[in-house]
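# Structural characterization, general
Chain residues, written in single-letter form:
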Amino acid sequence: PRGPAMRCSPLNLCEYETSKLVRIKSVKLGSLKWALNGVILLVICIMLLWNKEYQEYDLVVSSVTTKVKGVAQTNTADFGEVVWDVVDYSPNEEKNSFFVATNFIVTKKQKQGKCPEVCLLVFSLASVQTGVCVKFDVTTKTCEVSAWCPIENTKKPPRPALLTSAENFTVLIKNNIRFPAFNFIRRNILPEVDGNYLKKCIYNQRTDPYCPIFRLGDVVQGARENFADIAVEGGVIGIQINWDCDLNRFFNSCLPKYSFRRLDEKESNRTLYPGLNFRFARYYTENGVESRTLYKAFGIRFDVMVFGKAGKFSIVQLIIYIGSTLSYYALTTVFIDWLIGTSCYSKESQQVYSERKYESVQDRQEVKHTHTHNASLHLHPGLLLV
Amino acid sequence: PRGPAMRCSPLNLCEYETSKLVRIKSVKLGSLKWALNGVILLVICIMLLWNKEYQEYDLVVSSVTTKVKGVAQTNTADFGEVVWDVVDYSPNEEKNSFFVATNFIVTKKQKQGKCPEVCLLVFSLASVQTGVCVKFDVTTKTCEVSAWCPIENTKKPPRPALLTSAENFTVLIKNNIRFPAFNFIRRNILPEVDGNYLKKCIYNQRTDPYCPIFRLGDVVQGARENFADIAVEGGVIGIQINWDCDLNRFFNSCLPKYSFRRLDEKESNRTLYPGLNFRFARYYTENGVESRTLYKAFGIRFDVMVFGKAGKFSIVQLIIYIGSTLSYYALTTVFIDWLIGTSCYSKESQQVYSERKYESVQDRQEVKHTHTHNASLHLHPGLLLV
Amino acid sequence: PRGPAMRCSPLNLCEYETSKLVRIKSVKLGSLKWALNGVILLVICIMLLWNKEYQEYDLVVSSVTTKVKGVAQTNTADFGEVVWDVVDYSPNEEKNSFFVATNFIVTKKQKQGKCPEVCLLVFSLASVQTGVCVKFDVTTKTCEVSAWCPIENTKKPPRPALLTSAENFTVLIKNNIRFPAFNFIRRNILPEVDGNYLKKCIYNQRTDPYCPIFRLGDVVQGARENFADIAVEGGVIGIQINWDCDLNRFFNSCLPKYSFRRLDEKESNRTLYPGLNFRFARYYTENGVESRTLYKAFGIRFDVMVFGKAGKFSIVQLIIYIGSTLSYYALTTVFIDWLIGTSCYSKESQQVYSERKYESVQDRQEVKHTHTHNASLHLHPGLLLV
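Residues numbered from 1 in each chain as written. Chains lettered and ligands numbered in written order. Predicted model: local features only at pLDDT ≥ 70, side-chain atom pairs only at ≥ 80, totals over all residues. Heavy atoms only, no water.

Contacts between the two partners involve 90 residues from chain A, matched on the other side by 80 residues from chain C. Buried surface at the junction of chain A and chain C, summed over both partners, amounts to about 7,900 Å²; 54% is from carbon and sulfur atoms. Remark: the boundary between chain A and chain C carries four salt bridges. Here A:Arg23 makes a salt bridge to C:Glu17, at a shortest N to O gap of 3.1 Å. Joining chain A to chain C, the criterion identifies 23 residue pairs in polar contact (both at pLDDT 80 or more). Sort the elements by how many residues they give to the side of chain A that touches chain C and helix H6 (residues 315-342) of chain A lands first, with nine residues. A class-by-class count of the residues in the side of chain A that touches chain C yields 40 nonpolar, 26 polar and 24 charged. With five bridges connecting them, strand S2 (residues 21-25) of chain A and strand S1 (residues 15-19) of chain C associate as antiparallel partners. Bridge assignment links A:Leu21 to a residue of S1(C), and that residue is C:Ser19. (Contact = heavy atoms within 4.5 Å. Buried area = accessible area lost by both parts, 1.4 Å probe. Salt bridge = Lys/Arg side-chain N within 4 Å of Asp/Glu carboxyl O. Polar contact = N/O pair within 3.5 Å; in protein donor to acceptor, adjacent residues only side chain to side chain. Helix = DSSP H or I, 4+ residues; strand = E, 2+ residues; numbered from the N terminus. Nonpolar A, V, L, I, M, F, W, Y, C, P; charged D, E, K, R; others polar. Pairing = 2+ DSSP bridges.)

For the rest of this paragraph, the subject is the relation of the copies chain C and chain B. Between the two copies, chain C and chain B, the superposition gives an RMSD of 0.2 Å; the rotation angle is 119° and the shift along the axis is 0.1 Å. Put plainly, the chains are arranged around a three-fold axis. Looking at the rotation axis and the C-alpha trace of chain C, the residue lying nearest is C:Ser324, at 2.4 Å. (Least-squares fit on C-alpha atoms with pLDDT ≥ 70 in both.)

Turning our attention to the confidence of the model for chain A. Residues and elements named next belong to chain A. This prediction gives chain A a mean pLDDT of 79; 81% of its residues lie at or above 70. pLDDT under 50 marks residues 120-124. Its contacts with residues more than four places away, or in other chains, come to two contacts. Below pLDDT 50 for its whole length, residues 371-386 participates in 29 contacts with residues either more than four positions away or in separate chains. (pLDDT = per-residue confidence, 0-100.)

According to UniProt, the "transmembrane region" (unreviewed entry) feature falls on residues 31-50 of chain A. For residues 31-50 of chain A, the end-to-end C-alpha separation is 28 Å, with 100% helix and 0% strand making up the annotated structure. (UniProt positions renumbered as here; feature names shortened; annotations may be inferred.)

Attention shifts here to helix H7 (residues 347-357) of chain A. Residues and elements named next belong to chain A. Looking only at H7, the buried set comprises Ser349, Gln350, Val352, Tyr353, Arg356 and Lys357. The buried residues of H7 occupy an angular sector of 165° when the element is viewed end-on, so they sit on one face. Residues of H7 that are exposed and point over 90 degrees away from its buried face: Lys347 and Glu355. (Buried < 20%, exposed > 50% of the residue type's maximum accessible area, 1.4 Å probe, protein only. Arc of directions from axis to C-beta.)

It is worth spelling out the environment of A:Arg261 at this point. Locating A:Arg261 in the fold gives a position in strand S14 (residues 256-262). In this structure, the C-alpha to C-alpha distance between A:Arg261 and A:Arg224, residues 37 residues apart in sequence, is 7.6 Å. Those residues in contact with A:Arg261, other than ones at most four positions away along the chain, are A:Ala223, A:Val236, A:Ile237, A:Gly238, A:Gln240, C:Arg178 and C:Ile185.

Have a look at this one:
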């Protein structure tokens, strides 16, 4: 009976094999099966949509430029009336951050020389001891040190801060982003925004969420800090720009979302050297002698942190995801078969069901082996039918 | 009949169950099955190779140092003949970027004081109004301001740019990268490159793609910009170093690929404060009075952006990938069974096929339930055979 | 016989289909099946635990501030006794890195003018040739150049380095990290660490692994370099802070791990412009004439590189992982069926087994087709039973 069809035996090209099924007519089991499959499908779909498993992702590549504006005026006993512009209070610029000095300790006319130490520290910060003792004031003698003299006064920073009005300074942040994998470019100055609007807008989370000009006071307030407080000792504020982009055609969205956060430890007493300060100097020569004015600048460093990712539908990701969940449908049958075999049915039903589901056959070789030991049964040719 | 074998019942260690199959001798169905399986295998293999799903990835950790070389000479009415070296035109260096000033507005001998405002801006950038009105020139009166006087001229930057010859400056970029997960280190100065070659080479995409010395004019041209144009108002150019490394033994490749791109908005009229400029000052004292020379420097910031990833064969990734695609082969049978049941075959064939494929059995309990209502049939012990 | 049950035919809600199985009573096959399944389970579990496939990951967002302390004294023929404090030796600060100058070539009182070239370079670094020849010393004539005169001496940096004592400087590194996806914040100054301890501790890999204050000499030594050597020409040292966090409840751990590595090429002869140096100047005016002191500073740039990732149990990741491995269990049956069909059993056994496993049926249409050609067999209604 296998005559003509046997000709195409390699690879079984002329045969199609499919499982023989036992069909149990049972509303209970049928409903259970479909209910379970439905639950699995639902869970898989929810996971798919919730985690966007159908997308491939790319991380942002970003470029930032900042421009601070504003001018402050101070009137102190030491220096009289002084105007501070951006060159004075923002001495060094960086790519992704800018520093605004808000408080100063100024030590004028320092020269290299020998002078009495101001205070006795474990680590002498800016001087080398000469080993000689000199008068510091009428009552005290301290060690003489080689240093830039006079030594910087280690008093605490002025309170309130000298440049508290820096609160009203503004900063323009330009941010160009790119997702290399999708060849997608965008700027935080949105193309649909009007040029005149840009010239006078100030960022506000509710009313002007896409204005790229920020008032420093608003930024600090957005980080839940008080500008007057942070201005005294300085600190680090993060300006986070979050791009969560969906580049699919119908859900297309790619807008910057700004948020602000203090990045250093707020509570002075819980940390070492609280706040943020650094020293810089302006050097002069007069009659061949070099002198310098030392500035200990306390201030706020604003770190512009751009992060984001873009997702785009990827057929490969979807196929892999579906493939890795398909197997769960097989578990429905495994589970219901186990259910039938254990609990739901009477012994009789199980017996009948089992007879239809399973056809038993005995391994011939093992039976032979067993019988050799038991010496009681015939040997059958091939497998034993039980 | 289940005598000796039943002894090993726990875990069914002595039974092996396998599906009973219906074998349909049909060249059409057999070929269809193998064709479908072949297509699935092909798609899976293409996806595997195309997306390199068999690899695990690590992102680059990078360190960059740059060194700009070159000198320019200007001859202007204001300053006479001046030579600009790297200290003058590249005032601040950063880790991953360098700035080359190409144009200047210089305001000499500024002193703190009061002077007439130059122009009436909404935001006064560098001065505080005193509330007094003074003569600005013969015909105009403006408000008096406290500021560094004289106030910087808000004229446009010189055109052509003062240091257009910065085009011929060169920069050496050293880039060390590392893939921590694979403990793999590499430099952009390739070990096989000759020392003498390095001393005189200039990067060229075609002829010298691995030379780490770049002519600034070439970089700007590579970003499809005109150096003379960008030099006037400044801008940001990205020097992208892309490391796409395959660390597998046979496909081993890990070479830097350079590309250039303008990162800021090119068209002046479409953006606020186009280009790139910042101010810095040199401070002097004469006879105890501080003065400064204010420089508004326009220039090009070159951001060196290193990105890349390394892939290496991972047996775990491969197993997961294959596992998530294995299920698709089961779909072949599901599909063909559905095909047989619906369209391809005559009603008669379907009937015969169905009889062989399915063995039906009626749930005893539900039949009883049904019959209680219908009161017409016998109750069978166990499941009903249909 | 399909009376009442047929009412719920859509979706087959009232039918449950399950594979008909052939049960072979064989200890060998049964054991083999369970052994294979056990091996698969073991491999899957090992992969799961080893690669933590049950976790979702987030990359670190980091903020760094550094504060260098220390003072050095030099006594050279040229300058006499000079004290260097942090303002002098660390001229520019950056967000994630700090520079400590360890060696200087100082050129005092440079003025714009014309002077003889010191040496003949291919690329003239800091001067423009005027085309005139002038006496350089008694025996040599060189080309006259426009430049800041006198031109910087291109001699090699002093050996030993001027500020070799920078080895004893210390740096406090503050690092705040965040994992945005898990809203988890942490600092490298651990909350359980005592304030008094912090004031005097120095990092040591064994005894003080969580002290945030580093002695520069220890850092360089940790990178397996000699401070006195690297101080001469400069270099780049990476201070890597690795946060490998497990945010699950029971395995909770998130501690910084510091490591040090030299990032530039160590061997001078293998690279172009070895070490690290940059020039800066201090500008002066006397009687309206600008002069400058040029510093070529050799030194060590310390790059603070923060990287890390946090893992947290994710039910979705676990479900996808298990789903993509479930398919492998099906392979056990495929493999054993193939085994039975090929090698282990005698022809007779295979025949018997095959008869039970497979029910063959001939495609009616193809038989008809074949018979049309062969003209030898009856046409059967429906599929042929073989």
